[in-house]
Amino acid sequence: AAGVIQSPRHLIKEKRETATLKCYPIPRHDTVYWYQQGPGQDPQFLISFYEKMQSDKGSIPDRFSAQQFSDYHSELNMSSLELGDSALYFCASSLEGRLDMNTEAFFGQGTRLTVV
Amino acid sequence: RKEVEQDPGPFNVPEGATVAFNCTYSNSASQSFFWYRQDCRKEPKLLMSVYSSGNEDGRFTAQLNRASQYISLLIRDSKLSDSATYLCVVKGNTGKLIFGQGTTLQVKP
């Protein structure tokens, strides 16, 4: 079965550079979430989209932005990168269309960003 | 105070042991509850959803107590392959998934 696809898997950037992370959700899933996980930390919610509209916002820095496109894939744009942005970035998708469903979210393998 | 709290452990148990993890959440409007498993440097993988009536999947049993805002996971007959971090995840009424800090389990031969 198709899973959540993230690209790239690994990324090395220098301070003050920009990075774009991509996420392709499971087909027919309407919701995408972005999470940041630092070493030894639990995943921290950044932002989510439902049907291409931002549905919730967490601890996403102003230097970051994200969007969901018409084909439901999502991109996380990160500018003015800092050393502290080095982390694993996970994307997850779920089907939220039916409110009576205990809908699970499925995660991609993540993008490991290293800022040097 | 974190919205979802877990004992980080580590829990070190011998093979065959029964181990239980607990999780509490602060938002009484939370809608859905899950246990995820995360291996080192890998993505979280869904272990099981947690239903109000409690549910079981093989050696794993999950319980939910809405009145106490408490979730548990019981693992029976632990295997070496169960060694991982177990994440308690709560979904709020906006759909956002909130993670606990995870409980580390080490199963020893």
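Structure: above.
Presented here is an overview of the structure given in this document. (Residues numbered from 1 in each chain as written. Chains lettered and ligands numbered in written order. Predicted model: local features only at pLDDT ≥ 70, side-chain atom pairs only at ≥ 80, totals over all residues. Heavy atoms only, no water.)

**Section: the overall build of chain A**
Looking only at helices and strands, chain A has zero helices and 11 strands in total. Starting at the N terminus, the α and β elements of chain A follow one another as β-β-β-β-β-β-β-β-β-β-β. Compactness check: chain A gives a C-alpha radius of gyration of 14 Å against a globular reference of 13 Å for 116 residues, within 12% of the reference. By residue count, 47% of the 116 residues in chain A fall in the buried class. For chain A, the exposed area adds up to about 5,800 Å²; of that, 50% sits on carbon and sulfur atoms. (Helix = DSSP H or I, 4+ residues; strand = E, 2+ residues; numbered from the N terminus. Rg over C-alpha atoms; globule rule 2.2 N^0.38 Å. Buried < 20%, exposed > 50% of the residue type's maximum accessible area, 1.4 Å probe, protein only. Areas by Shrake-Rupley, 256 points an atom, 1.4 Å probe, with all protein chains shown as cover.)

**Regarding the state of the cysteines**
Residues and elements named next belong to chain A. For the coordinates displayed, the defined rule picks out two disulfides over all chains. Residue pairing for Cys-23: its cysteine sulfur links by disulfide to Cys-91, the two sulfurs lying 1.7 Å apart. On the S-S bond that ties Cys-23 to Cys-91, the torsion sits near -55 degrees, and the link is left-handed. Of this pair, Cys-23 sits in strand S3 (residues 19-24) while Cys-91 sits in strand S9 (residues 87-94); the two residues are 68 residues apart in sequence, bridging distant segments of the chain. (Disulfide = S-S within 2.5 Å.)

**Quick word on the pairing of strand S5 (residues 45-50) of chain B**
With five bridges connecting them, strand S4 (residues 32-38) of chain B and S5(B) associate as antiparallel partners. Opposite Phe33(B), over in S5(B), you have Val50(B) as the bridge partner. (Pairing = 2+ DSSP bridges.)

**Thoughts on the packing of aromatic side chains**
For the structure shown, the criterion picks out 11 aromatic pairs over all chains. Plain terms: the ring middles of Phe107(A) and Phe99(B) are 5.8 Å apart, the flat faces sit at 75 degrees to each other, and that makes the pair edge-to-face. Taken together, the positions of Phe107(A) in strand S10 (residues 106-107) and Phe99(B) in strand S10 (residues 97-99) put the pair across two chains. A relative accessible area of 8% places Phe107(A) in the buried class. A centroid spacing of 6.3 Å and a plane angle of 65 degrees characterise the contact between Phe34(B) and Tyr36(B), whose relative ring orientation is edge-to-face. Take Phe34(B) and Tyr36(B): they sit in the same class, and that class is buried. An aromatic cluster of at least three residues, connected via ring pairs, comprises Tyr35(A), Phe45(A), Phe90(A), Phe107(A), Phe34(B), Tyr36(B) and Phe99(B). (Phe/Tyr/Trp six-rings, centres within 6.5 Å; stacked < 30°, edge-to-face > 60°.)

**Regarding the layout of surface pockets**
Here the largest pocket is characterised by a volume of approximately 560 Å³. Forming the walls of the largest pocket are 25 residues, and the residues nearest its centre are Gln37(A), Gly40(A), Gln41(A), Gln38(B) and Arg41(B). Going through the elements one at a time, S9 of chain A together with strand S9 (84-91) and strand S11 (103-108) of chain B are the ones with two or more residues in the lining of the largest pocket. Here the residues of the lining of the largest pocket sort into nine nonpolar, 12 polar and four charged. (1 Å grid on protein atoms, 1.4 Å probe; cavity = no way out; pocket = protein on both sides within 12 Å on 5 of 7 lines; lining within 4 Å. Points joined across faces, edges and corners; volume = space filled by probe spheres on them. Nonpolar A, V, L, I, M, F, W, Y, C, P; charged D, E, K, R; others polar.)

Limitation: the analysis is restricted to geometry and does not speak to function.
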